[in-house]
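Secondary and tertiary structure notes
Spelled out from the first residue to the last, the chains are:
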Amino acid sequence: ILEIYLNTIYYGNLAYGVEAAAETYFGKTAAELSLAEAALLAGLPQSPAIYDPFTNPEAAKARQSIVLGLMAEEGYITPAQAEAARSEELQFVAQRTDIRAPHFVTYVRQLLEQKYGSAVLYQGGLQVYTTLDPRLQGIAERVAREQIAALADKHVTNASLVAIRPGSGEILAMLGSVDFFNPEIDGQVNVAMRLRQPGSAIKPVTYVTAFEKGWTPATLIMDVPTEFPDGANRPYKPTNYDEKFHGPVLVRTALGSSYNIPAVKTLQYVGLPAFLEMAHRLGINSLNRPDYGLSLTLGGGDVTLLELTGAYAVFANGGRRVPPVAVLRIVDNYGRVIEEYQPPEGQEVILPQHAYLITSILSDNEARTPAFGPNSVLKLSRPAAVKTGTTNDWRDNWTIGYTPDLVTGVWVGNSDNTPMAHISGVTGAGPIWHNFMEEALAEAPPREFTRPEGIETIEICADSGTIPSPVCPRKKLEIFAAGQGPLGPEHDIHQMVRIDRTTGQLATEFCPESLVEEKYFQVYPPDGREWAEQHGILQPPTETCTLHTGPAQVAIFQPLEGEQVEGVVPVVGRANRPDFSHYVVEYGVTHDPGGWGPVSGPHDTPVESGLLAQWDTRGLHNMGHTLRVLVFDHQGTVVEARVHVVVAN
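Residues numbered from 1 in each chain as written. Predicted model: local features only at pLDDT ≥ 70, side-chain atom pairs only at ≥ 80, totals over all residues. Heavy atoms only, no water.

Regarding the overall build of the protein chain
The line we're drawing: Numbering of helices and strands starts at the N terminus; helices are DSSP runs of H or I of at least 4 residues and strands are runs of E of at least 2. Atoms considered for the radius of gyration are the C-alpha atoms alone. The globule rule reads 2.2 Å times the number of residues to the power 0.38. Only protein chains enter the area calculation, which uses a 1.4 Å probe; residues under 20% of their type maximum are buried, those over 50% are exposed, and those in between are partly exposed. We call two residues in contact whenever any of their non-hydrogen atoms come within 4.5 Å of each other. We get accessible surface area from the Shrake-Rupley algorithm with a probe of 1.4 Å; when it comes to residues, only the shown protein chains can shield them. When charges are counted, neither His nor the chain ends are considered; positive counts come from Lys and Arg and negative counts from Asp and Glu. Charged side chains are reduced to one point each, which is NZ for Lys, CZ for Arg, CG for Asp and CD for Glu.
Counting secondary structure elements, the protein chain contains 17 helices and 26 strands. A globule of 649 residues ought to have a C-alpha radius of gyration of about 26 Å, yet the protein chain, at 39 Å, is considerably larger. Taken over the C-alpha atoms alone, the protein chain extends approximately 140 × 60 × 50 Å along its principal axes. A burial count over the protein chain gives 52% of its 649 residues as buried. Excluding contacts between residues fewer than 6 apart, the proportion of contacts in the protein chain whose partners are at least 24 apart in sequence is 67%. By element, 51% of the accessible surface of the protein chain is carried by carbon and sulfur atoms, the whole surface being about 29400 Å². Once the 47 positive and 74 negative side-chain charges of the protein chain are each reduced to a mean point, those two points are 3 Å apart.

Observations regarding the nonpolar core
Note the following rule: In plain words, nonpolar cores are sets of buried Ala, Val, Leu, Ile, Met, Phe, Trp, Tyr and Cys residues tied together by side-chain atoms within 4.5 Å.
In terms of nonpolar packing, the biggest core is built from 76 residues, with L282, I284, L287, L308, I358 and Y402 touching the most fellow members. Take this core: its biggest share by element is 9 residues, from helix α13 (residues 305-316). If sequence neighbours within four positions are ignored, Y402 has contacts with Y312, F315, A316, I358, T359, L362, A384, A385, V407, W433, M437 and F449. Counting 33 residues, the second largest nonpolar core, distinct from the first, contains A140, L175, I423 and A440.

Observations regarding the domain arrangement of the protein chain
Where we set the bar: Where each domain starts and ends follows an automatic or database-derived domain assignment. The buried area of a pairing is the accessible area, by a 1.4 Å probe, that goes missing from both parts when the two are put together, added over both. A pairing counts as a salt bridge when a side-chain nitrogen of Lys or Arg comes within 4 Å of a carboxyl oxygen of Asp or Glu. The definition of a polar contact used here is a pair of N or O atoms within 3.5 Å, where within protein one atom must be able to donate a hydrogen and the other to accept one, and adjacent residues in sequence count solely through side-chain atom pairs. Under the convention adopted here, Pro, Cys and the residues Ala, Val, Leu, Ile, Met, Phe, Trp and Tyr are nonpolar, Asp, Glu, Lys and Arg are charged, and Gly plus all remaining residues are polar.
Under the domain assignment used here, the protein chain contains domain 1 (1-87), domain 2 (171-232 + 246-260 + 298-441), domain 3 (453-485), domain 4 (493-549) and domain 5 (553-647). With centres defined by C-alpha atoms, the gap from domain 2 to domain 4 works out at 45 Å. If you look at the interface, domain 2 gives 6 residues, while domain 4 gives 6 residues. Summed over both partners, the interface of domain 2 with domain 4 comes to about 460 Å²; 83% of that surface belongs to carbon and sulfur atoms. Contact with domain 4 buries area across many residues of domain 2, yet M222, V224 and P248 alone supply 71% of it, more than any other trio. Counting across the interface, domain 2 meets domain 4 through 0 salt bridges. In this assembly, domain 2 and domain 4 are joined by 0 residue pairs in polar contact (both at pLDDT 80 or more). Of all the elements in the fold, those that place two or more residues in the side of domain 2 that touches domain 4 are β4 (220-223) and β7 (247-250). Here the side of domain 2 that touches domain 4 is composed, by residue class, of 4 nonpolar, 2 polar and no charged.

Re helix α11 (residues 260-270)
Among the 11 residues in α11, 9 count as buried, and that is most of the element. Looking at α11, one finds that the buried residues are N260, I261, P262, A263, V264, K265, T266, L267 and V270. Count one or two residues on from α11 and you reach G271, which has phi positive near 90°.

A closer look at the sheet that holds strand β1 (residues 127-130)
Our working definition: Two strands form a pair only when DSSP identifies at least two bridges running between them. Each axis is a line fitted through C-alpha atoms, taken for helices only over the stretch in contact, and angles between the N-to-C directions span 0 to 180 degrees.
A sheet is described by the order of its strands in space; here 3 strands give the open sequence β1-β9-β10, paired in antiparallel fashion. Edge strands, defined here as strands with exactly one partner in the open sheet, are β1 and β10 (337-340). Sheet twist, expressed as the mean angle between neighbouring strand axes with direction ignored, is 10°.

Comments concerning the layout of surface pockets
Threshold: Think of a 1 Å grid over the protein atoms and nothing else: a 1.4 Å probe that fits but is trapped marks a cavity, an open set flanked by protein within 12 Å on at least five of seven lines marks a pocket, and residues with an atom within 4 Å of a point count as lining. Grid points are joined across faces, edges and corners, and a volume is the space filled by probe spheres set on the points.
Each pocket or cavity is described by its volume, and for the largest pocket that value is around 770 Å³. Along the wall of the largest pocket there are 32 residues; nearest its centre are N240, Y241, N260, T390 and N392. Of all the secondary structure elements, the ones that give two or more residues to the lining of the largest pocket are α15 (365-372) and β12 (385-390). Considering every element that reaches the lining of the largest pocket, the biggest residue donor is β12, with 4 residues.

Some thoughts on the state of the cysteines
Which entries qualify depends on this criterion: In plain terms, two cysteine sulfur atoms within 2.5 Å form what is called a disulfide here.
Per the stated rule, a full pass over the model turns up 1 disulfide. Between the sulfur of C461 and that of C472 lies a disulfide, 2.3 Å long from S to S. Its torsion about the S-S bond being 95°, the disulfide of C461 and C472 is classed as right-handed. With C461 in strand β15 (residues 455-461) and C472 in the loop between β15 and β16 (475-481), this residue pair connects regions lying 11 residues apart in the sequence. Distance from the sulfur of C511, which forms no disulfide, to the nearest cysteine sulfur (C545) is 3.7 Å. Since its relative accessible area comes to 3%, C545 is described here as buried.

Some details on the pairing of strand β14 (residues 407-413)
For β14, a buried count of 7 out of 7 residues is recorded, marking the element as mostly surrounded by other parts of the structure. Residues V407, G409, W411 and G413 point to one face of β14 and T408, V410 and V412 to the other, with burial holding for every one of them. Both strand β2 (residues 158-165) and β14 contribute to a ladder of 7 bridges, which runs antiparallel. By the bridge assignment, V162 is partnered in β14 with G409.

Here's the deal with the pattern of salt bridges
Scanning the model with the defined rule gives 26 salt bridges in all. Residue R196 is joined to D396 by a salt bridge in which the shortest nitrogen-to-oxygen separation is 2.6 Å. Taken together, the residues span a long stretch of sequence, with R196 in the loop between β3 (170-175) and α9 (203-212) and D396 in strand β13 (residues 396-402) at a distance of 200 residues. R196 gets classed as buried once you look at its relative accessible area, which sits at 11%. The shortest N-O distance in the salt bridge between R281 and E212 comes to 2.9 Å. Within this pair, whereas R281 is found in helix α12 (residues 272-281), its partner E212 is found in helix α9, the two being separated by 69 residues in sequence. Relative accessible area serves as the criterion here: at 22%, R281 is assigned to the partly exposed category.

Quick notes on the environment of Q342
Relative to the elements of secondary structure, Q342 occurs in the loop between β10 and β11 (347-348). Measuring from C-alpha to C-alpha, the distance between Q342 and Y11 comes to 32 Å, with 331 residues separating the pair along the chain.

Some remarks on the sheet that holds β14
Hydrogen bonding along the main chain pairs the strands of a sheet, whether they run parallel or antiparallel. Strand order in the open sheet formed by 5 strands is β3-β2-β14-β13-β12, with antiparallel pairing between adjacent strands. Strands with a single pairing partner mark the edges of an open sheet, and in this sheet they are β3 and β12. When strand polarity is set aside, the average angle formed by the axes of neighbouring strands in this sheet is 10°. Pairing between β12 and β13: 6 bridges, direction antiparallel. By the bridge assignment, T390 is partnered in β13 with N397. Helix-sheet contacts for helix α8 (residues 134-150) involve β2, β3 and β14, and the interaxial angle to β3 is about 30°.

Here is the structure:
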């Protein structure tokens, strides 16, 4: 029975029986196998697709190690023999097959093995209908090969591509490498399923998280040199790809042109837990370590191309997530349908308004022009949203983008993780994405992205993203989620600022209006003042007037309003003010005098509450009079208090 089993069991890659497996994987007979080779083959039948040493060598080696450990436990070999076999480098023979889209086929096999088991999959006579579009698969293979050949002198050897229909999640094309049969690039490894660093391609996740916390495409961020605390480590000091600082930028430009410092500030604002929760909502489950830092928004965590392309499909699908799917229908050997895919409505994982804001930014050629120019490969002949990513060590570059009908992710790099010669997302993966999308959609009419309800268009100040102040020089229109509009005009950087001429400081409510002038400033936020001053943009003072720190204290307590007086009248009151110079006391005839006569002064000592003067009324006509005290500062401004009395001598 064991002999029959060994001669018929499936070992993967069309190898039935141990002799066929030995020939398929090692080019020798079963009798010629080493312990290491035999242990590897012994581990395959449980899940031939999952443990395929050609496409998943790490899993195959891990399975081999388990087999060797069990053999040692049972006493068939010694622990030393097991360890030696683990260390042996296996030499596999080159594989050729006529299977189309071999990475996709292997991926489907792995899915079905996990769901139904290898016995049903390989011996059940199943007919499996997949989502693959042969035309799109052919385009992907060709354009990827052409681009990698063009970059051969830049030490670029490999590429991967995934294309998905966003509304249904159907995987229409999957290219795991440019050559499945090239061992020099580990061609049988499906890079679409491998963890790689995404660079800036992860940034939309950061910004959509910020939109949920109240930010907008018009939120102002200062792109200036910034140090971020990093616990016991040295402060984190990110730089931009172009090694420049761009000063005040709005979120639309910050994301469109992929500036790094604004992205790090955005992640600092939303917090790592909120970012990771958003990533998981979008289907990026590989980001699960507890030790991420702020560099995560620049690609400091590993994801798969399939995951990230699926996340972008959420934006293309108006906020609804339909997980990627590869199998449409399975029929058993009796003709019964045992599985059939019905595209779900999808789960709304982000608001459609927030998804549309991301789409609007990523499809805005003007927003990306500062970094990529007006006519980059990111611009298609139809509306399309797109984002690139490049790791800072040139080991990975990405371009992921979408139309309403198709989302495509592209990775370019080297499977051995060696760096490319300064090839970025726009020069490496970008042309593959552009050429694939143009050809794949050539027969489809262009479609605009559907604008959902709850999107408002509001005029903003182009420089600061706020409702324009009266002195804003440039205005433009921006879109917002309803109820989540721009900041008010008081937050505009263009402001008329009240300055106390005496001190040159910010005027207070107590500064005399005659000493206050309004001056135009571009008022930058605190983290932008240094940058502004370095660029010759004068900033307003930060200190408020230290001279006029309170109201003038001017009052007449006696005589009282309307009181009859006679003889010599003591005038009691208060005469004091910031920057006090002197006070005088005067009287006038009638309650609306046309002129004034002196009573006393000038006095150069302020009075807080006491005798101001003695008013001799004995020479005056018996009638209404007005008494006043005037308090002067050193600038000549005056504040007064009056009281009306009746002289009755």
